Structure formats: structure tokens, C-alpha cells
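What follows is each chain in one-letter form.
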Amino acid sequence: MPKVRTWKRRKDQTPMTTKNHRKEGNPEAKMKGPREGLQPLSNSVEVDKAERNSPFLPSNQDEAYIPRIESLVSDHNMQVAILLVKRNKGAPGIDGITVQEIEKAMKTKWPKIKQDILDGKYRPQPVKRVEIPKPEGNGVRQLGIPTVMDRIIQQAIHQEIVLTFEPVFSESSHGFRPHRSAHQAVLQAHKYIQEGCEWVVDIDLEKFFDKVNHDMLMARIARRVKDKKILLLIRKFLQAGAMEDGLIKPTEEGTPQGGPLSPLLSNIMLDDFDKELERRGLRFTRYADDCNIYVKSERAGKRVMEAATRYLTKKLKLKVNQQKSAVDHPWNRKFLGFTFTKEKGPNRIVIHKSRIKRFKDKIRKKTKKMRGSKVTESIRKQIMPITRGWSNYFGIAGERQIFESLDGWIRRKIRDIYWRQWKKPRTRYKRLTALGLKEKTAKKTAYSGKGPWRMARTYGMHKALSNGTIEALGYTPMAQMVARLEFT
């Protein structure tokens, strides 16, 4: 068995949360910089500064970090947990206490809760069951929203136990881990394709977060966490139940999506699968429950699919979705919103067409709300957060023409909005002449009987609301943002 480097956390080190960088529209700067000596922190500003300047893993430790319940509820660990939960915002749980109200509640409730945790008596509240539609209309996804207090405690558990699991996770696992991202997973897949692996075993786990066996998960956590009170606390969170339609239902399996602890538990559960793939010498990349294995022939792919399905089903008690799983060429599949080209030369990373459709649907919803509001403010608050996040996420594809095409489409939507807002031909004529259009052209445009969407691409509207004018209103083209990314 290969020797694994282990380490312990020094007193001057702080745990770091793991942001899910897969989400589109949520560009976060990576935390990096020199280590600051950490003293007990007196306010959230100091915690924030220490958190941003603290790298995750030390490089010179030889002993395994041992999670302890006392460290979990320490003032410093809890301060960082509170800060990160507040930063992530989110809806309240079944008690109705919001993120903004939690610090006031902590002052009165925390001393007793802390003692209950130390005594092994704390009982988490049931999660609030929420259903959200899946993209592209493929059913619904169930979320379990813990109370804000329980989210803070889960975050504190995460910060304590991740220190012992992170060093042993596979290098091919990229989801919900510090300093790792969906981009790295896609680039690793691209590398395998360049090496001649032109067949992919695309494994889809059916309702993974809802089907995890509690006993099997706890056995895997107990391999590295020996403090029985931490193990008891985690199991209580798993079995806290869920409130649905006013009734509390027990949870006998699964790790409800919605809390800070669930992503780490999913990586712990699937780490055995990662190790099995490594033992077999297979090329793979995994992001949470999205796993792609790359092989050089269809025959090898079918053999690997059969073996992988058998392992997941019998060893981990998970169910593979046979309808969505497949052995196919990478350019026929979607991975984290991307796909790959089939070319004689080097294969390229490209944006999957379903994500372009989803992006347009999102913009359409926003622009409908903009028709009765101030356009400049709506561009800044409604459109730009979406386009900025989408550019940052999909910019690695380098498809400049796609971004230019989408920029043109968004500018047309903005012209459409202005045309609708102007309403009457007389108002349109005044606005067009004010924007520098000649009277003859302005009159011809203003009194046209065409619909708003057709008018948005006419010469008169393009002349009055040129690309430069729309940029002056606050819209930064995505092609420009992607070009900047290529040089950073």
C-alpha cells in the first residue's frame, strides 16, 4: 500500500471552507497569500482577513491531524464558521431565524448548545424540504435546508474533519475541495482524450445524495475520525429528519443537499471508488457524483462499465442510472457543461449546446422583468452578474465566436426593451433623434409596423443604440471578458 503523507494542524493555522466553483454565475477569487500568525480573533473583519490569507494545507507536517470535539467548538473555529455561513447567505430553516439574525441568537443560545455538543446531547433540528426544478425540465431536485444554527455547526464539523481527509483524497477528485475546480476536472479529461483515450465510461449515480447508506458512510468516517462525540454528532445530523408539508419524516438514508457538510461526506463516501479505479490503473476524473473514466476502445469501456457498476452497487450500495450512463465517444457526451470536438488535429474543449440554451432562458427571464424598470440599473444588477459568471466559467473553452454571437443577441434584447418602453411612435421618434439619428431615418423607424424583436435589428435601432452606446449603458461584452481571461 503506498505511503500517504499525513500532517497535523499547527496552532497558527485555520481551516478553510470549500467553495463549489462549478456553479455558473458565482466567480470567486481563490484564497492565497502568505500565512498570517493567527491569534484569537475578536471580530469578523479579522477572521475574514485571516481566512483570505490562509493556505489550506501545510507542507511540512508528518503527523496526522486528530479531530477533537473540543477543537470543533473552539471560539476560533466557530468564529470562522459563522463568518462563512453568513457570507454564503441562504434561506432560513424551519425555525425561521435568518442569517442576519443569527449572531443575536448565538449570544443567548450558544453556551448551552456548546455544552450539549461536548456532552453528546445536542440534537439538530429537522431540515426544511425544498424542491427545485432540475435544468432542462428533467424533474425536481430535493434540497434539505438546515437551520442557520445547524449550518454553522455543520460548517464547524467540516472545518475540523476535512483536515484529516483532504490529504488522502484522490488527485482525480475535484468537487467541493479547496483550490480545486470544475475547470481542473475538464482539463484533466481533455488531457486523457489527447493521450488517445477516445472512449468514455460516463457513470451517472441515481439520486446519489438521497441514497447514501448511513452505516457505510459512518464506517468510512470512523476510519480517520476517532472522537466518538464527533461521530455521534454527524450521525445525528444524518438522522435529523425532514419537515415536508408540515410533517417531520425520518431520514434513514442520504445526505440532504443544502448543508455545508454534505459535499464533504459525498467525497468521503466515493473515495473508496476512487481508490479502486486507481488500483486498476484507470484514467478518470470525478467531480462530486459526476465520474468519467477514459479508455482506448469500446470493448474496454464496456468491461470497465460492468466492473464499476458492480463495485458501486455491491460495495457502496449505490444505484447507477442505466438510462443516463453510457460508453460513448467524449464528443457525444456532456461533462460539467462542456464537451469536446472530434477533429483530426487536437481535440478542443467546447461549450455544450444545452448550456447555451439554459443561458438564453435565464437572460430571457431577466429581460422580461426589465421592461418596466430603468435599463442601465437592470443591466448592472440583472444581466452583468450572469454574463460575468458565465464568461468566467466557460471562458476556458476559448470559443470567442460563441461569446460574440451571444453578445450580439443580448444587445438585441436591450434594443428590444427600449423599443417596448418607448411605446408610441411620437415618443420613439423623439428618442431616436435625441440619440443622433437623422430625422428621415428616425421617422421611418419610429412609424414602422414591425414587432419589437424585428425592430431591434433594423438599421435605425442599430444606429441609435450602437454597440458602443450599449457598452456606455453598462454592458461589458462577454467576448471582451474572455479575452482578458486568456491573458491573465
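For the structure, check the block above.
Asks: I'm lost on the overall build of the protein in this one. Help?
Replies: If you tally the helices and strands in the protein, you get 20 helices and 10 strands. Taking all 488 residues of the protein together, 50% fall into the buried category. Here the contacts in the protein between residues at least 6 apart in sequence split such that 73% fall between residues at least 24 apart. For the protein, the exposed surface amounts to about 25000 Å²; the carbon and sulfur share of it is 50%.

Asks: I keep staring at the side chain of S71 and nothing clicks. Help me out?
Replies: In this structure, S71 sits in helix α2 (residues 69–72). Polar contacts involving the side chain of S71 include one to the side chain of R68, which spans 2.9 Å. Apart from residues no more than four positions distant in its own chain, S71 is found in contact with Y65, N77 and E160.

Asks: Which parts of the structure should I look at to understand the packing of helix α10 (residues 262–279) against helix α11 (residues 298–314)?
Replies: How two helices pack is summed up by the angle between their axes together with the distance between the axes. For the pair α10 and α11, the least separation of the axes is 11 Å and the interaxial angle reads 150°. Taken as axis vectors, α10 and α11 run roughly antiparallel relative to one another. Handedness of the crossing formed by α10 with α11: right-handed. Of α11, the residues touching α10 (which contributes L270, D272, F273 and E276) are A308, Y311 and L312. Grouping the constituent residues of the contact of α10 with α11 by class yields five nonpolar, no polar and two charged.

Asks: What am I meant to see in the packing of aromatic side chains here?
Replies: Here the distance between the centres and the angle between the planes together describe a pair of aromatic rings. A complete count under the given rule lists 12 aromatic pairs for this structure. Ring geometry for F273 and Y311: centres 6.1 Å apart, planes at 35°, overall tilted. With F273 in helix α10 and Y311 in helix α11, this pair connects stretches of sequence that are 38 residues apart. You'll find F273 and Y311 in the same group, each marked buried. Within the aromatic cluster, the residues linked to one another by ring pairs are F338, F359, W390, Y393, F394 and F403. Above the plane of the ring of W453 lies K413, whose end atom (NZ or CZ) is 5.2 Å from the centre.

Asks: Explanation requested: the pairing of strand β3 (residues 199–204) in the structure shown.
Replies: If a strand is regular, its side chains alternate between the two faces of the sheet. Counted residue by residue, β3 has five buried out of six residues, so it is predominantly covered. Relative to strand β7 (residues 290–295), β3 is paired through six bridges, and the arrangement is antiparallel. Counterpart to W199 in the pairing with β7 is V295. By the bridge criterion, three bridges tie β3 to strand β8 (residues 326–328) in an arrangement that is antiparallel.

Asks: Quick question: what am I supposed to make of the nonpolar core here?
Replies: A general feature of soluble globular proteins is that nonpolar side chains tend to end up buried together. If you look at the biggest cluster of nonpolar residues, it comprises 68 residues, and the most contacted ones within it are I153, I203 and I221. The element contributing the most residues to this core is helix α5 (residues 148–165), with 10 residues. Counting 55 residues, the second largest nonpolar core, distinct from the first, contains A182, I356, I379 and L432.

Asks: Is there a simple way to think about helix α13 (residues 375–394) in this case?
Replies: In an α-helix, one turn spans 3.6 residues, which is why side chains three or four residues apart end up on the same side. The principal kink in α13, of about 45°, is found at I383, preceding the proline P385 by one to four residues. Buried residues of α13: V375, S378, I379, I383, M384, I386, T387, G389, W390, S391, Y393 and F394, and no others.

Asks: For this particular structure, what's the right way to read the pattern of salt bridges?
Replies: A pair can form between side chains of opposite charge whenever their charged atoms are brought close. According to the stated counting rule, one finds 24 salt bridges in the structure shown. Its salt-bridge partner being E253, residue K211 comes within 3.9 Å of it at the nearest N-O pair. Highlighted residues: K211 in helix α7 (residues 208–211) and E253 in the loop between β5 (247–249) and α10, separated in sequence by 42 residues. Salt bridges sharing common partners tie together K191, E195 and R283.

Asks: Sorry, what's going on with unusual backbone geometry here?
Replies: Peptide bonds are mostly trans, and most non-glycine residues show a negative phi. Of note in the backbone geometry, F176 takes a positive phi value of approximately 55° without being a glycine. In this structure, F176 sits in the loop between α5 and α6 (182–194). A positive phi angle, near 60°, is found at K317, a position not held by glycine. When you line up the elements, K317 lands in the loop between α11 and β8.

Asks: Can you walk me through the sheet that holds β5 in this structure?
Replies: Pairing between the strands of a sheet is mediated by backbone hydrogen bonds and can be parallel or antiparallel. One open sheet accounts for four strands, arranged β2-β1-β4-β5; its pairing is mixed. Taken across any chain shown, the strands that pair with only one partner, and hence form the sheet edges, are β2 (140–145) and β5. For this sheet, the mean angle separating the axes of adjacent strands, direction not counted, is 40°. Sheet topology places strand β1 (residues 127–133) next to β2; six bridges connect them, and they run antiparallel. If you follow I132 over to β2, its bridge partner there is R141.

Calculation rules
Residues numbered from 1 in each chain as written. Predicted model: local features only at pLDDT ≥ 70, side-chain atom pairs only at ≥ 80, totals over all residues. Heavy atoms only, no water. Helix = DSSP H or I, 4+ residues; strand = E, 2+ residues; numbered from the N terminus. Buried < 20%, exposed > 50% of the residue type's maximum accessible area, 1.4 Å probe, protein only. Contact = heavy atoms within 4.5 Å. Areas by Shrake-Rupley, 256 points an atom, 1.4 Å probe, with all protein chains shown as cover. Polar contact = N/O pair within 3.5 Å; in protein donor to acceptor, adjacent residues only side chain to side chain. Axes fitted to C-alpha atoms, helices over the stretch in contact; angles between N-to-C directions. Parallel < 35°, antiparallel > 145°, perpendicular 65-115°, else oblique. Left-handed = near helix turned anticlockwise from the far one by under 90°. Nonpolar A, V, L, I, M, F, W, Y, C, P; charged D, E, K, R; others polar. Phe/Tyr/Trp six-rings, centres within 6.5 Å; stacked < 30°, edge-to-face > 60°. Lys NZ or Arg CZ within 6 Å of the ring centre and 35° of its normal. Pairing = 2+ DSSP bridges. Core = buried A, V, L, I, M, F, W, Y, C linked by side-chain atoms within 4.5 Å. Bend = angle between axes of the 7 residues up to and from the residue. Salt bridge = Lys/Arg side-chain N within 4 Å of Asp/Glu carboxyl O.

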